[in-house]
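Overview (structure and organization)
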Amino acid sequence: MQDAAATEELALRAASGDPAALDLLLQGIRPEVVRRCGRFLPCREDAEEAAQDVLLQVARKITSFEGRSRFSTWLYTVVANCARQKYRELKRRDAEQPDAIDASQHVDPRTTSVIAGSRIDLLEALERLEREHPHLVAPLVYRDICQLEYAEVAERVGIPLGTLKSRLHEARRQVRPWLVDAS
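Given the structure is predicted, the values throughout are model-derived calculations rather than measurements. (Residues numbered from 1 in each chain as written. Predicted model: local features only at pLDDT ≥ 70, side-chain atom pairs only at ≥ 80, totals over all residues. Heavy atoms only, no water.)

**Observations regarding the pattern of salt bridges**
Inspection of the entire model under this criterion finds 14 salt bridges. Taking the shortest distance from any N to any O, the salt bridge between glutamate 48 and arginine 44 comes out at 3.0 Å. Of the two residues, glutamate 48 and arginine 44 both sit in helix α3 (residues 44-61), 4 residues apart, roughly one turn of that helix. For glutamate 48, a relative accessible area of 28% corresponds to the partly exposed category. Among the residues examined, arginine 44 registers a relative accessible area of 54% and is labelled exposed. Between lysine 86 and glutamate 49 there is a salt bridge, with its nearest N and O atoms 2.8 Å apart. Residue lysine 86 is found in helix α4 (residues 71-96), and its partner glutamate 49 is found in helix α3; the two are separated by 37 residues along the sequence. (Salt bridge = Lys/Arg side-chain N within 4 Å of Asp/Glu carboxyl O. Helix = DSSP H or I, 4+ residues; strand = E, 2+ residues; numbered from the N terminus. Buried < 20%, exposed > 50% of the residue type's maximum accessible area, 1.4 Å probe, protein only.)

Structural data, given as structure tokens:
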């Protein structure tokens, strides 16, 4: 991603309706968006599809960015939402159209990425957390996956720092056994 100050300036210009700034912004953030989507989705093609969704959402909704928080914080929210939506879509598509097992396409578990498996387990845990404790999802995603600072997460979620830390602790406590059981 281009330097933070230049990105913030481009975002503000794009938010005010400057199409050239929007084009430069989208070009500049694309590599970071793909990388961030890759934190959620283990398959590169899926991460790239989610990244395209993110860039489309940024282009459509940039006028809602008011500059009250950093653009990167706003962007991480879009990334998290689009990546999780892509995972839900893939999961739903897979459930609706089970493929016949093709021996040539079978994945050898000895060569499957442990990281990819752990990402899928995390996405499953996030889905379960969202069903059981929806107010705990955003703190966990922003802090542990997007790696935002505590103060930024608290601002983004709109809760006091102490409440954020409490929710984050509870979210981790809830998710930990689900991730252990999955491995």
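Additional details are given in the paragraphs that follow.
**A few points about helix α6 (residues 137-145)**
Of all the residues in α6, the buried ones are Val137, Pro139, Leu140, Val141, Tyr142 and Ile145. Backbone geometry just after α6 places glutamine 147 at a positive phi near 60°.

**Describing the environment of threonine 73**
The topology assignment puts threonine 73 in helix α4. Threonine 73 sits in the buried class, given a relative accessible area of 2%. The spacing of threonine 73 and valine 153 is 80 residues in sequence and 8.3 Å in space, taken between C-alpha atoms. If near-sequence neighbours (up to four positions away) are discounted, threonine 73 is found in contact with Leu148, Glu152 and Arg156. (Contact = heavy atoms within 4.5 Å.)

**Structural notes on the environment of proline 139**
Relative to the assigned elements, proline 139 resides in helix α6. Separated by 26 residues in the primary sequence, proline 139 and lysine 165 have C-alpha atoms spaced 8.4 Å apart.

**Quick word on the packing of aromatic side chains**
Each aromatic ring pair is summarised here by two numbers: the centre-to-centre distance and the angle between the ring planes. Scanning the model with the defined rule gives 3 aromatic pairs in all. Note on phenylalanine 65 and phenylalanine 71: the rings are 5.5 Å apart at their centroids and 80° apart in plane angle, and the pair reads as edge-to-face. Phenylalanine 71 sits in the buried class, given a relative accessible area of 0%. An angle of 55° between the planes, with centres 5.8 Å apart, marks the rings of phenylalanine 65 and tryptophan 74 as tilted. A relative accessible area of 8% places tryptophan 74 in the buried class. Three or more aromatic residues joined by ring pairs form one cluster here, namely Phe65, Phe71 and Trp74. (Phe/Tyr/Trp six-rings, centres within 6.5 Å; stacked < 30°, edge-to-face > 60°.)

**Quick notes on the layout of surface pockets**
Estimated volume of the second largest pocket: approximately 210 Å³. As for the second largest pocket, its lining consists of 11 residues, of which Leu122, Leu140, Asp144, Ile145 and Leu179 are closest to the centre. Only α5 (114-132), α6 and α8 (161-182) provide two or more residues apiece to the lining of the second largest pocket. For the lining of the second largest pocket, the element with the most residues is α8, which contributes 4 residues. Considered class by class, the residues forming the lining of the second largest pocket number 5 nonpolar, 1 polar and 5 charged. (1 Å grid on protein atoms, 1.4 Å probe; cavity = no way out; pocket = protein on both sides within 12 Å on 5 of 7 lines; lining within 4 Å. Points joined across faces, edges and corners; volume = space filled by probe spheres on them. Nonpolar A, V, L, I, M, F, W, Y, C, P; charged D, E, K, R; others polar.)

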